[in-house]
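Here is how the chains run, residue by residue.
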Amino acid sequence: LVVHTAVAPRGFIRETGTTDGMYCECAVTTTGGVALVEVRLRNPTPVARRVRVENRLAGPVLPPRTEGVPEAGWDRDGVSVVVRPHETRPLGYACPLDTETDSLSADPPATVVSDERAPDGSTSRTDDDHATSVHAVVRDLGRPAPPRDAVPPPDVDADTAHSNPDSPETDAGHPVPDSTDHDSDDTYPNDIADPPDDALPPAVQTWLAGVERRVEVAERLDADTSVSTATRAVADLDVRPAALPARLASDCRRLDALADRLDRLAARAESASVPSESLRRLP
Amino acid sequence: VILAVAGGKGGVGKSTVAFSLAGATDAVLVDADLGMADLPTGRGPDLHDVLAGRAAPAEAVRGGPVSLVPCGRSLAGARAADVTRLAAAVGSLADEFGDVVVDCPAGLSADVGVPLAVADACLLVASPHRFALSDAIRTRELARELDAGLVAVALNRAGDDPPTAAVRRALGAPVVAVPECEELRRSVTEGTPVEPSRSSGAGDAVAALVEAVDRCR
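So, here's what we can say about the structure.

Analysis parameters
Residues numbered from 1 in each chain as written. Chains lettered and ligands numbered in written order. Predicted model: local features only at pLDDT ≥ 70, side-chain atom pairs only at ≥ 80, totals over all residues. Heavy atoms only, no water. Helix = DSSP H or I, 4+ residues; strand = E, 2+ residues; numbered from the N terminus. Expected span 1.5 Å × (residues − 1). Buried < 20%, exposed > 50% of the residue type's maximum accessible area, 1.4 Å probe, protein only. Contact = heavy atoms within 4.5 Å. Buried area = accessible area lost by both parts, 1.4 Å probe. Salt bridge = Lys/Arg side-chain N within 4 Å of Asp/Glu carboxyl O. Polar contact = N/O pair within 3.5 Å; in protein donor to acceptor, adjacent residues only side chain to side chain. Nonpolar A, V, L, I, M, F, W, Y, C, P; charged D, E, K, R; others polar. Axes fitted to C-alpha atoms, helices over the stretch in contact; angles between N-to-C directions. Parallel < 35°, antiparallel > 145°, perpendicular 65-115°, else oblique. Left-handed = near helix turned anticlockwise from the far one by under 90°. Pairing = 2+ DSSP bridges. Core = buried A, V, L, I, M, F, W, Y, C linked by side-chain atoms within 4.5 Å.

## Quick look at helix α6 (residues 130–145) of chain B
Residue and element names in this part refer to chain B.
- Helix length check: α6, at 16 residues, gives a terminal C-alpha distance of 23 Å against a target of 22 Å (1.5 Å per residue), a fit within 8%.
- Listed as buried for α6 are A132, L133, D135, A136, T139, R140, L142 and A143.
- Positive phi shows up at D147, right after α6, with a value of about 65 degrees.

Structure representation (structure tokens):
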């Protein structure tokens, strides 16, 4: 979310002075079913003030995040910040719109609910328990996870190949057609793959693993999924989150087509009779 | 007590010192180097599984000369591990087993910051070189920011004339010179932590480190 320091008057603008003199200006733009709320606090007093701004729209506050961790002071309903003397403080958050009416449910979208003189030396970090400091550490220092591109697809070594192929298309009744001439493998050692009989070729394995990952993510996401869970789930994907439904639909079509083809191939492989005796006599 | 063993620079002997210190204090050693673990591992759940929510912290503890929570070595595991869970994992190990020594990775990423944030105290490992010392100073600043008191500095591979006074001035904590010796070098691979004793140089250093840790109880 981009927060503009100089709020351009898009949508509507409200400026409300509180009794203590904190000015609060809101602007809101809506895009893609989400309201983007811009708030500008202006402290005209010569003392630092602790301000609580709360969201008045129906949906939850989606705060700005760094490394997946909300910025300090934000919670589900709003934000608590300390505004220094004569400081203008920009804030911004997103909020999903009411799905039925698809319109703003409150005007102004956010208000100052408390405004008091901040104790000397206080910062915007409001409390400092363990969870807060751990989140602050991750936000400030960054997650040590390797980038997604550095993680090889889970197909390479044989034991993952064995533990993985539990997708219904591969072993529930439709085994991959096996080579029928195992007897003669001493003459053509390179023709017969070394991996165990039911191991899939790496390319197929990779493709299936990708489909499995997308299906798993889709199963993990539902209406009740929290933002942090969803963020982590979606981070494992190789497609843009918005493209996931279309990709899943195409996965579904391909799997259907593949299942058909596997059925037919398996039937043909079973019924084909290879004259193994005569083949053995060939050089 | 939760003790973080950190140092900033890689290769100065953090894991080696942590291994013998955990052995001497009967603590559980956690290898928190999520990306490049170097303490021995084995079959069974590891720290990656714990941080991905696939195993309880106590399940990942391996018995042996030093109780150890090894870290996985795969990139996929490192990517699935959520470092914010490290705090709760280390806390629950401390509740169950008492003392915990966390072997931090090199650098100043969150996998150093989170152990320092949950630790009661930290031990810095440095080698007597200017570059190692400057990294130790940066780690010391981070530890100070996160309220992990510095119990001691282990000056590893100290040589004949260790600059203990200069390091003490720079880092403001007692300095224990750890001599370069075969006993210490082989301790991790052979699974034989150096015992605190007054008879060998390394044993003497481990005894001094244990004493420094005991002071913060």
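## Re the interface of chain A and chain B
- With 20 residues of chain A in contact, the opposing surface of chain B contributes 21 residues.
- For the pair chain A and chain B, the summed buried surface comes to about 1600 Å²; carbon and sulfur atoms form 67% of the total.
- Interface area lost by chain A to chain B is led by V134(A), L141(A) and P144(A), which between them contribute 30%.
- Counting across the chain A and chain B interface gives one salt bridge.
- Residue D82(B) pairs with R143(A) through a salt bridge whose shortest N-O separation is 2.8 Å.
- Viewed at the interface, chain B and chain A are joined by four residue pairs in polar contact (both at pLDDT 80 or more).
- Secondary-structure elements contributing two or more residues to the side of chain A that touches chain B are α1 (130–141) and α5 (227–235) of chain A.
- The element contributing the most residues to the side of chain A that touches chain B is α1(A), with seven residues.
- Residue classes in the side of chain A that touches chain B are distributed as 12 nonpolar, four polar and four charged.

## Quick notes on the packing of helix α5 (residues 110–118) of chain B against α6(B)
Residues and elements named next belong to chain B.
- The N-to-C vectors of α5 and α6 enclose an angle of 45 degrees; their axes lie 9 Å apart at closest approach. As the angle between them shows, α5 and α6 are arranged oblique. For the element pair α5 and α6, the recorded crossing hand is right-handed. Two secondary-structure elements touch here, α5 through V112, G113 and L116 and α6 through T139, L142 and A143.

## Quick look at the packing of helix α4 (residues 85–97) of chain B against α5(B)
Residues and elements named next belong to chain B.
- At a closest axis distance of 9 Å, the pairing of α4 and α5 adopts a crossing angle of 40 degrees. By the angle between their axes, α4 is oblique relative to α5. Crossing hand, α4 versus α5: right-handed. Along its contact with α4, which presents L86, A87 and V90, the element α5 presents V114, P115 and V118.
- Partitioning the contact of α4 with α5 into residue classes produces six nonpolar, no polar and no charged.

## What to know about the pairing of strand β4 (residues 100–103) of chain B
Residue and element names in this part refer to chain B.
- Both faces of β4 are covered, namely the face carrying V100 and V102 and the face carrying V101 and D103.
- Direction of pairing for strand β2 (residues 28–31) relative to β4: parallel, over a ladder of four bridges. Bridge pairing links D31 to D103 in β4.

## Here's the deal with the nonpolar core
- Judged by nonpolar contacts, the single largest core of 54 residues is most densely connected at L47(B), V69(B), L86(B), V114(B), L116(B), V153(B) and L171(B).
- The next biggest cluster of nonpolar side chains, apart from the first, holds 33 residues, and it includes V178(B), V194(B), A212(B) and V213(B).

## What to know about the sheet that holds strand β6 (residues 149–156) of chain B
Residues and elements named next belong to chain B.
- Strand order across the open sheet formed by seven strands is β3-β2-β4-β1-β5-β6-β7, with parallel pairing between neighbours. Since the sheet does not close on itself, it has two edges, and those belong to β3 (68–69) and β7 (175–178), each with one partner.
- As paired elements, β2 and β3 share two bridges and run parallel to each other. Across the sheet, residue L29 finds its bridge partner in β3, namely L68.
- Strands in contact with helix α1 (residues 14–25) are β1 (2–6), β2, β4, β5 (121–126) and β6; relative to β4, the strand with the most contacts, it is inclined by about 170 degrees.
- Across the sheet, α6 is in contact with β1, β5 and β6; its angle to β5 comes to roughly 170 degrees.

Honestly, it's all geometry; don't read function into it.
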